Amino acid sequence: MSPYLFILCTEGFSSLLKKVECRGDIHGIKVYRGTPVLSHLLFGGNCFLFCMISEKETTRPTQILDTYERASGQMINLDKSYIFFSTNTQQSLRQTIMFGLGVSTIIGSGKYLGLSSIIGRTKKAIFNYVEDRIWKCINH
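For clarity, every value in this text was computed on a predicted model and none was experimentally measured. (Residues numbered from 1 in each chain as written. Predicted model: local features only at pLDDT ≥ 70, side-chain atom pairs only at ≥ 80, totals over all residues. Heavy atoms only, no water.)

*Asks:* Describe the environment of Ile76, with residues and values.
*Replies:* For Ile76, the location among the structural elements is in the loop between helix 2 (55–72) and strand 5 (82–83). Assessed through its relative accessible area of 30%, Ile76 is described here as partly exposed. Distance from Ile76 to Asp66, taken between C-alpha atoms, is 8.7 Å for residues 10 residues apart in sequence. Excluding residues within four positions of it along the chain, Ile76 makes contact with Leu65, Tyr68, Glu69 and Ser81. (Helix = DSSP H or I, 4+ residues; strand = E, 2+ residues; numbered from the N terminus. Buried < 20%, exposed > 50% of the residue type's maximum accessible area, 1.4 Å probe, protein only. Contact = heavy atoms within 4.5 Å.)

The structure is reproduced here in structure tokens:
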């Protein structure tokens, strides 16, 4: 029963994010021209939130996370939460947003699900690693 409850709560969380995105309270990112805008990605017990860097846009997801915590009984672990800024974000704004969110760690060269957390422009080399791993699993 527990996985089903998790899925229901996560679907509610996703719906809340979509609602504020439709109202224009947050703006996601486009990975490439012609692709849909992403405001969030969900992977198991993890969630990636994407928004523009402004105090307004970062307080709105925090309010949604608070709502999610109250509704689901699950708590966000800020010790395991990370933030990433574009290179042109001013240091003072970074500090303000990190303080407001309660997140103290900037994501860097770590890994998530075996992949580099920052892909950048060297996509071919990184995804060749994934392809190699898949072929090794298939051939064994």
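*Asks:* Break down the pattern of salt bridges for me, citing the residues and quoting the values.
*Replies:* For side chains of opposite charge, pairing can occur when their charged atoms come near one another. Scanning all chains against the criterion turns up one salt bridge. Salt-bridge contacts for Asp25 lead to Arg23; the nearest nitrogen and oxygen are separated by 2.8 Å. In this structure Asp25 comes out as buried when scored by relative accessible area, which is 18%. Residue class for Arg23 comes out partly exposed when judged on its relative accessible area of 47%. (Salt bridge = Lys/Arg side-chain N within 4 Å of Asp/Glu carboxyl O.)

*Asks:* Could you give me a rundown of the nonpolar core, with the residues and numbers involved?
*Replies:* In terms of nonpolar packing, the biggest core is built from six residues, these being Phe13, Leu17, Val20, Ile26, Ile64 and Tyr68. Elements with a minimum of two residues in this core: helix 1 (2–22) and helix 2. Here this core gets three residues from one element, more than from any other, and that element is helix 1. If we skip the residues at most four places from it in the chain, Ile64 touches Phe13, Leu16, Leu17 and Val20. (Core = buried A, V, L, I, M, F, W, Y, C linked by side-chain atoms within 4.5 Å.)

*Asks:* Explain the side chain of Ser39 residue by residue, including any values.
*Replies:* Mapped onto the elements of the fold, Ser39 is located in the loop between strand 2 (37–38) and strand 3 (40–43). Take Ser39: its relative accessible area is 4%, and that puts it in the buried class. Looking at Ser39, its side chain comes within polar contact range of the side chain of Glu21, at 3.0 Å. Among the polar contacts made by the side chain of Ser39, one reaches the side chain of His40 at a distance of 2.8 Å. (Polar contact = N/O pair within 3.5 Å; in protein donor to acceptor, adjacent residues only side chain to side chain.)

Any link to function would need more than the numbers given here.
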